[in-house]
Amino acid sequence: EPIASMPGVFRHSLDLLKEEIKDLYKHGIKAVNVYVKVSDNLKDNTGKESWNPNGLMQAAIKLIKDTEPNMIVMPDVALDPYSVYGHDGIIEKGEVINDATVDALVRMSLSHAEAGADFVAPSDMMDGRTFAIRQAFEESGFTNVGIISYAAKYASAFYGPFRSALDSAPVDNQEIPKDKKTYQMDFANSREAIREVLDDVDEGADIIMIKPGMPNLDIVAKVREIITQPIAVYQVSGEYAMLKAASQNGWLDNDKVILESLHSIKRAGADLIFTYFAKEASLL
């Protein structure tokens, strides 16, 4: 299914995912970050579908590893695709509650590890979840499964196309938070990013994520100066959509802006880049 707000990006059924993975690996792409669009009838306020061993995410992880065992699989860990409210956590009395959400994220992460994930990528921004996941992995024997922690994730307007792709935007309900600013970071604040990154390093994160990408290259550069852990940067859906739309209108050179945008992220200090341009970039 084509995603209207992200030209050239598609939702894949499992049978087509198999062919896509073969094609990606052939073009030199060795890692994939996986998301799922969950049926409405499977959504609730607990997120229990997220740790269903036979769920769509778990089936996708298994299929990818069966198709190309050397492909590194990094599934997303957050409750928003599974939430009836579209939030990254469980709602109680009109608020996202941290600790119960962390418990759910741990169960979700373990189910991904059991399915064959190489890394889990918690994008929820709950406090303490990196340590809780690391502890659960150690106790369950998944000592080789890594954690890519979204340590500095800003409450950004650049996520819009992605949320429409997953149908995971917060619902319009006066009894719950209207946005994700209670747990994602204020984009006017740089100091909080440093504290969040150092906390996640202390909790056992293997890779630190900064998101969005181009609007936060100053944060990438600052973090690069203070940690030795690998830094991942997410070039998000809004960045992709605006460059692609301008290119399709003839206002920008598609290939040149892809490479320039990726080089700017790399130059700022990124070791890994999560981007919807990956397949296109591999052909340039």
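See above for the structure.
A brief look at the structure comes next.

How each quantity is defined
- Residues numbered from 1 in each chain as written.
- Predicted model: local features only at pLDDT ≥ 70, side-chain atom pairs only at ≥ 80, totals over all residues.
- Heavy atoms only, no water.
- Helix = DSSP H or I, 4+ residues; strand = E, 2+ residues; numbered from the N terminus.
- Expected span 1.5 Å × (residues − 1).
- Buried < 20%, exposed > 50% of the residue type's maximum accessible area, 1.4 Å probe, protein only.
- Arc of directions from axis to C-beta.
- Contact = heavy atoms within 4.5 Å.
- Phe/Tyr/Trp six-rings, centres within 6.5 Å; stacked < 30°, edge-to-face > 60°.
- Core = buried A, V, L, I, M, F, W, Y, C linked by side-chain atoms within 4.5 Å.
- Pairing = 2+ DSSP bridges.
- Right-handed = clockwise from strand over helix to strand, strands pointing away.
- 1 Å grid on protein atoms, 1.4 Å probe; cavity = no way out; pocket = protein on both sides within 12 Å on 5 of 7 lines; lining within 4 Å.
- Points joined across faces, edges and corners; volume = space filled by probe spheres on them.
- Nonpolar A, V, L, I, M, F, W, Y, C, P; charged D, E, K, R; others polar.
- Axes fitted to C-alpha atoms, helices over the stretch in contact; angles between N-to-C directions.
- Parallel < 35°, antiparallel > 145°, perpendicular 65-115°, else oblique.
- Left-handed = near helix turned anticlockwise from the far one by under 90°.

Examining helix 9 (residues 254-268)
- The terminal C-alpha atoms of helix 9 lie 22 Å apart, and with 15 residues this matches the ideal 21 Å at 1.5 Å per residue to within 8%.
- Among all positions of helix 9, only Asn254, Val257, Ile258, Ser261, Leu262, Ser264, Ile265 and Ala268 are buried. Here the buried residues of helix 9 occupy an arc of 150° about the axis, which is enough to place them on one side. The exposed residues of helix 9 that point more than 90 degrees off its buried face are Lys256, Glu260, His263 and Arg267.
- If you follow the buried residues of helix 9, they end up packed against helix 7 (217-226), strand 8 (231-235), helix 8 (237-248), strand 9 (272-275) and helix 10 (278-282).
- Positive phi appears at Gly269, one or two residues downstream of helix 9, with a value of about 135°.

Looking at the packing of aromatic side chains
- Scanning all chains against the criterion turns up six aromatic pairs.
- For the pair Tyr240 and Tyr276, a centre-to-centre distance of 5.9 Å together with 65° between the ring planes defines the contact as edge-to-face. You can see Tyr240 sitting in helix 8 and its partner Tyr276 sitting in the loop between strand 9 and helix 10, a full 36 residues away along the chain.
- For Tyr276, a relative accessible area of 23% translates into the label partly exposed.
- Three or more aromatic residues joined by ring pairs make a cluster, and in this case those are Tyr150, Tyr234, Tyr240, Phe274, Tyr276 and Phe277.

Some points on the nonpolar core
- Residues Ile21, Val32, Val34, Ile64, Val106 and Phe137 are the most contacted members of the largest nonpolar core, which totals 41 residues.
- Contributions of two or more residues to this core are made by helix 1 (14-26), strand 1 (31-34), helix 2 (56-67), strand 2 (72-77), strand 3 (90-92), strand 4 (95-97), helix 3 (98-115) and helix 4 (129-140).
- Among the elements that make up this core, the one with the highest residue count is helix 3 (eight residues).
- Dropping the residues within four chain positions of it, Ile64 is found in contact with Leu17, Ile21, Val32, Val34, Met71 and Val73.
- Ala151, Met185, Ile219 and Ala268 belong to the second-largest nonpolar core, a separate cluster that totals 21 residues.

A few points about the pairing of strand 2
- Of all the six residues making up strand 2, five are buried; the element is thus mostly covered by neighbouring parts of the structure.
- Here four bridges tie strand 1 to strand 2, and the two strands are oriented parallel to one another. Within the sheet, the bridge partner assigned to Val32 lies in strand 2 and is Val73.
- Regarding the hand of the β-α-β motif, the stretch spanning strand 1, helix 2 and strand 2 is right-handed.
- The pairing of strand 2 with strand 5 (residues 119-122) spans two bridges and is parallel. Within strand 5, the position partnered with Val77 by the bridge is Pro122.

Section: empty space enclosed by the protein
- For the structure on display, the rule yields two cavities of 30 Å³ or more.
- In this structure, the second largest cavity encloses a volume near 40 Å³.
- Taken together, Tyr159, Phe162, Lys211, Tyr234, Val236, Ser237 and Tyr276 form the lining of the second largest cavity.
- Considering only residue class, the lining of the second largest cavity consists of five nonpolar, one polar and one charged.

A short note on the packing of helix 6 (residues 191-203) against helix 7
- The N-to-C vectors of helix 6 and helix 7 enclose an angle of 45°; their axes lie 10 Å apart at closest approach. Taken together, the axes of helix 6 and helix 7 lie oblique to each other. The hand of the helix 6/helix 7 crossing is right-handed. The segment helix 6 lies against helix 7, with Ala193, Ile194, Val197 and Leu198 engaging Ile219, Lys222, Val223 and Ile226.

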